[in-house]
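# Remarks on the overall topology
If you want the building blocks of each chain, they are given just below.
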Amino acid sequence: MSVAVTMFSGGRGAAGIARGMLGTPGVGLSLVVNGYDNGLSTGALRRYLPGMLGPSDFRKNLLLHLDPADPAQAAQATVLEHRLPGGTTPAGLTAVIEAIAARRGPFAALPEAAREAVTADLRVFARRLAAYPHGLDLADCALGNLVFAGAYLRLGRDFNAAVDACARTFGSPVRLLNVTNGENAFLAALRRDGSLLADEADIVAPQGPGVITDLFLLREPLGARRRDELEALPPAWTREVLGRERAEVTPSPRALEAIRDADLIVYGPGTPHSSLLPSYLTPGVADAVARSRAAAKVFVVNTRSDHDIRGLSAPDLVDRTLAYLGDPRNGRRLVTHVLSHRTSAPDAPAVPHGVLDRGEWAGARWVTADLEHPADLRHPGRPGLHHPERTAEALLAIRDEAALARAQ
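The structure presented is a predicted model; accordingly, all values stated were derived computationally and were not measured. (Residues numbered from 1 in each chain as written. Predicted model: local features only at pLDDT ≥ 70, side-chain atom pairs only at ≥ 80, totals over all residues. Heavy atoms only, no water.)

## A word on the packing of aromatic side chains
A full pass over the atoms with the stated rule returns 5 aromatic pairs. On the numbers, 5.1 Å between centres and 90° between planes, the contact of Phe 8 with Tyr 280 is edge-to-face. Of this pair, Phe 8 sits in strand E1 (residues 3-8) while Tyr 280 is found in helix H13 (residues 272-280), placing the two residues 272 residues apart along the sequence. Exposure class is identical for Phe 8 and Tyr 280. Each is buried. Aromatic side chains Phe 58 and Phe 159 sit 5.3 Å apart centroid to centroid with 75° between the ring planes, which places their arrangement in the edge-to-face category. Note that Phe 58 is positioned in helix H3 (residues 56-61) and Phe 159 in helix H8 (residues 159-169), a separation of 101 residues in sequence. (Phe/Tyr/Trp six-rings, centres within 6.5 Å; stacked < 30°, edge-to-face > 60°. Helix = DSSP H or I, 4+ residues; strand = E, 2+ residues; numbered from the N terminus. Buried < 20%, exposed > 50% of the residue type's maximum accessible area, 1.4 Å probe, protein only.)

## Observations regarding the sheet that holds strand E4 (residues 186-191)
Read from one edge of the open sheet, 3 strands run E5-E4-E6, paired in antiparallel fashion. The outermost strands of the open sheet, each flanked by one partner alone, are strand E5 (196-197) and strand E6 (212-218). Sheet topology places E4 next to E5; 2 bridges connect them, and they run antiparallel. Within the sheet, the bridge partner assigned to Ala 189 lies in E5 and is Leu 197. Along the sheet, helix H11 (residues 235-244) makes contact with E4, E5 and E6, crossing E6 at roughly 30°. (Pairing = 2+ DSSP bridges. Contact = heavy atoms within 4.5 Å. Axes fitted to C-alpha atoms, helices over the stretch in contact; angles between N-to-C directions.)

## Some points on H8
Burial of H8 is extensive: 8 of the 11 residues sit out of reach of the surface. Turning to H8, its buried residues are Phe 159, Asn 160, Ala 162, Val 163, Ala 165, Cys 166, Ala 167 and Thr 169. Looking at the buried positions of H8, the neighbouring elements they touch are H3, helix H4 (71-81), helix H6 (112-131), helix H7 (143-154) and strand E3 (175-178). Its side-chain oxygen 3.2 Å from the backbone nitrogen of Asn 160, Asp 158 forms the N-cap of H8. (Polar contact = N/O pair within 3.5 Å; in protein donor to acceptor, adjacent residues only side chain to side chain.)

## Description of the pairing of strand E11 (residues 364-369)
Alignment of strand E9 (residues 337-341) against E11, held across 5 bridges, turns out to be parallel. When the bridges of E11 are listed, His 341 appears paired with Ala 369. As paired strands, strand E10 (residues 360-361) and E11 are joined by 2 bridges and run antiparallel to one another. Bridging from a neighbouring strand, Trp 361 pairs with Ala 364 of E11. The antiparallel pairing of E10 with E11 creates a hairpin that spans 2 residues between the two strands, and Ala 362 there sits at a positive phi of about 55°.

## Here's the deal with the nonpolar core
Formed by 124 residues in total, the largest nonpolar core has its most connected members in Met 21, Phe 125 and Tyr 267. Of the residues forming this core, the biggest block, 8 residues, is contributed by H7. Beyond its immediate chain neighbours, meaning those up to four positions away, Tyr 267 contacts Phe 8, Tyr 280, Val 289, Lys 297, Val 298, Phe 299, Val 300, Thr 321, Leu 325, Leu 334 and Val 335. In this structure, Leu 190, Leu 196, Leu 222 and Leu 242 belong to the second largest nonpolar core, which totals 10 residues. (Core = buried A, V, L, I, M, F, W, Y, C linked by side-chain atoms within 4.5 Å.)

## Concerning the sheet that holds strand E8 (residues 296-300)
Within the open sheet, the 8 strands sit side by side as E3-E2-E1-E7-E8-E9-E11-E10. Their pairing is mixed. Here the strands that pair on one side only, and so sit at the sheet edges, are E3 and E10. As defined by bridge partners, strand E7 (residues 264-267) adjoins E8 across 4 bridges and the pair is classed as parallel. Across the sheet, the residue bridging to Tyr 267 is Phe 299, located in E8.

What is shown is where atoms sit, not what they do.
The structure is reproduced here in structure tokens:
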């Protein structure tokens, strides 16, 4: 019996769960991701190609099935993750492309089909760079992002078509889906103290103790002058102004289909205010979740906190998800279960004892299990990761139990 799993995901926060699902016989996995990343080199690439969303989280999800112990797959991972050094010129990028074409160095084991597709898309981007050499510093650019950019240009600036093309190039078994039809948009946020986080890079960066209260999808990025103007306004005025500048995005029909046809929906862990909550703002997503045949719709609590959720408890994060889905009281049963690690780390989102005693929050059943990867317990300075097999097993057990209860 096959099980269709659809998970809202970012770049790396839910990677362990995704790998666990991929390793489970009979599971078909769809990942619904947004493209609002604009930090560092990704932001530079988006500025160089106006209109393009950020490819980074999609690139990271192409690594899920690649085994570093397999030379051919390791070579594909190298293409995706290779960072261009400082001082790289267009000629230097061309030299990298030729090394891939000739299968030299770390690219020697690259499969033929991947080699041809990668070099073709990189050459499209290199031609664009040769024609317009100013405006992009290649330092620290992920080579995989440039493969995406080349596919984006080759396919008539269709971001979702580029995602599909890159998934084929790297042989991904995951159905990797952008949550929207590819409209360009930019994140901004307000914190409780009224301070403005002007872009996605600000949202994920270390910040003070004030929690984020408002999240916006904007038509245009906030430049330095515009940011100064907004910060001079009272917070209520800033909120009103940003509300008038919201981007109009439309949902991807394929993403909605994956949600509606899922047997299990997972609200994955990650960086909520950049990777997850913006996806729930997409029109049509909440309705698709409500109409889904899924027996269980499970919110997975982070095993460690992120910069953007300091001061928020695990129930707070569930509440945020429901609020951004437009169902703050969970009247539509958009979250049926919450799954958290059995023993919370000191820097994990707190789970109050009252919630654990009741086994319920916002009408959703609260389930605990041993979810954290043991490697992270030995390295407390690293963000916690979910154990792939144990977390996938816990999620599928919740789904099976819910499906059995529904059938009775």
